[in-house]
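Given next are the chains, with one letter for each unit.
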Amino acid sequence: MTKIDEEALAEAYNRALAHEKAGEIDAAVAAYHEVLAIDPEDHGGASVRIAALGRGDAPPRAPDAYVETLFDQHAEDFEEILVEQLGYAVPLMVLQRLQELDLGPFKRMLDLGCGTGLTGGAMRDLVEDITGIDISENMVEIAHEKDLYDTLYVAEIEDFLEDNDDEPFDLITATDVLPYLGALEPLFFGAAENMVPGGILVFSSETLPDEVMAGRPYMVGPHQRFAHAEAYVRERLDATGFDLVDITEINVRMQDGEPTPGHLVVARLRG
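About the thresholds
Residues numbered from 1 in each chain as written. Predicted model: local features only at pLDDT ≥ 70, side-chain atom pairs only at ≥ 80, totals over all residues. Heavy atoms only, no water. Helix = DSSP H or I, 4+ residues; strand = E, 2+ residues; numbered from the N terminus. Rg over C-alpha atoms; globule rule 2.2 N^0.38 Å. Buried < 20%, exposed > 50% of the residue type's maximum accessible area, 1.4 Å probe, protein only. Contact = heavy atoms within 4.5 Å. Areas by Shrake-Rupley, 256 points an atom, 1.4 Å probe, with all protein chains shown as cover. 1 Å grid on protein atoms, 1.4 Å probe; cavity = no way out; pocket = protein on both sides within 12 Å on 5 of 7 lines; lining within 4 Å. Points joined across faces, edges and corners; volume = space filled by probe spheres on them. Nonpolar A, V, L, I, M, F, W, Y, C, P; charged D, E, K, R; others polar. Pairing = 2+ DSSP bridges. Axes fitted to C-alpha atoms, helices over the stretch in contact; angles between N-to-C directions. Salt bridge = Lys/Arg side-chain N within 4 Å of Asp/Glu carboxyl O.

Visitor: Where do I start with the overall build of the protein chain in this structure?
Guide: Of regular secondary structure, the protein chain possesses 12 helices and 9 strands. Here the protein chain has a C-alpha radius of gyration of 19 Å; the compact-globule value for 271 residues is 18 Å, and the two agree. Over its C-alpha atoms, taken along the principal directions, the protein chain stretches across nearly 55 × 40 × 35 Å. Evaluated residue by residue, the protein chain yields a buried proportion of 49% over its 271 residues. Long-range contacts, defined as pairs at least 24 residues apart, comprise 62% of the intrachain contacts of the protein chain with a sequence gap of at least 6. If you sum the accessible surface of the protein chain, you get close to 12,900 Å²; carbon and sulfur atoms cover 49% of it.

Written as structure tokens, this is what we have:
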């Protein structure tokens, strides 16, 4: 690893944020490119911020270093912020929707992006064995303390799905994962490779109005989170071997006092 000049990095990043706040987009983008030159692994998510400012194409996913750093830093107060302040209730929505569709109980569940264990906690009574995976070691430590999971891994999701040789799963969940992914093929292909035929994939996604998406399959929104067009989600599921069981419009979370529109999606692997 190349040693990072932390002082220069902080100066460039703070300058970029100041320009962005002032509405000086060109100057902000130039400063974010300086940040990337100093820190190519992009721990601060400069590439995502550039895309959110409408400059350049959206990356295929948020940088691993950025996601890991973001969640390691917020692990201790993650649930308070997400649940109490932002009204996040997607894990309970997952449980309710599966029950309404009369799906389950399940033998083996893989909780992608398990975080501190919100989805594992919601699903515990519906599943015999739960495996959780998250890129943030601090998040996984908190999930481990709750004693909800039978197995926990610290790893990047797509890498794990590609390398995993454990027994296949009949349920895979991915709540609050897609906001950090652009292209969905690796996730869906990876899930299919790790599931039994007829297995269920359930996930949440965020979206933006059609006039904002402007025909794009995905984009980085104003809060540095990926939004996906419903048509793109449907197309990629079909192309990777899934049949759509149900798609529901939901409010994923509150952001600056406004609801974040999205979808709760349930799909079944063909077999």
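Visitor: I'm lost on empty space enclosed by the protein in this one. Help?
Guide: Rolled over the atoms, a probe sized like a water molecule indicates the empty space that remains. Under the criterion given, the structure shown has 1 cavity of 30 Å³ or more. One number sums up the size of the largest cavity: a volume of about 370 Å³. Among the elements of the structure, α4 (64-74), α5 (78-85) and α7 (118-123) are those that each provide at least two residues to the lining of the largest cavity. Top element by residues in the lining of the largest cavity is α4. It accounts for 3 residues. Considered class by class, the residues forming the lining of the largest cavity number 16 nonpolar, 4 polar and 6 charged.

Visitor: What exactly am I supposed to notice about unusual backbone geometry here?
Guide: For residues besides glycine, phi is generally negative; the peptide bonds are generally trans as well. Each neighbour pair has its own omega, and for Gly 104 with Pro 105 the value is 5°, a cis peptide bond. Structurally, Pro 105 can be placed in the loop between α6 (90-100) and β1 (106-112). Phi is positive for Asp 42, which is not a glycine, with a value near 65°. Looking at the element boundaries, Asp 42 is found in the loop between α2 (25-38) and α3 (46-52). Phi is positive for Ala 214, close to 50°, though the residue is something other than glycine.

Visitor: So what exactly am I meant to see when it comes to the sheet that holds strand β3 (residues 151-154) here?
Guide: Hydrogen bonds along the backbone pair up the strands of a sheet, which may run parallel or antiparallel. Across the sheet, which stays open at both edges, the 7 strands sit in the order β3-β2-β1-β4-β5-β9-β8 with mixed pairing between neighbours. On the outer flanks of this sheet lie β3 and β8 (242-255), each paired with one strand and no other. Averaged over all adjacent pairs, the angle separating strand axes in this sheet is 15°, with direction ignored. Of the strands in this sheet, β2 (127-134) and β3 are in contact with helix α8 (residues 137-145), which crosses β3 at around 165°.

Visitor: Could you clarify how one ought to interpret the pattern of salt bridges in this entry?
Guide: Side chains that differ in charge, positive against negative, can pair when their charged atoms come close. This structure, assessed with the given rule, holds 18 salt bridges. Among the ionic pairs, Asp 150 bridges to Arg 124, the shortest N-O distance being 3.2 Å. Highlighted residues: Asp 150 in the loop between α8 and β3 and Arg 124 in the loop between α7 and β2, separated in sequence by 26 residues. Among the ionic contacts, a cluster of salt bridges with common partners joins Arg 61, Asp 64, Glu 156 and Glu 158.

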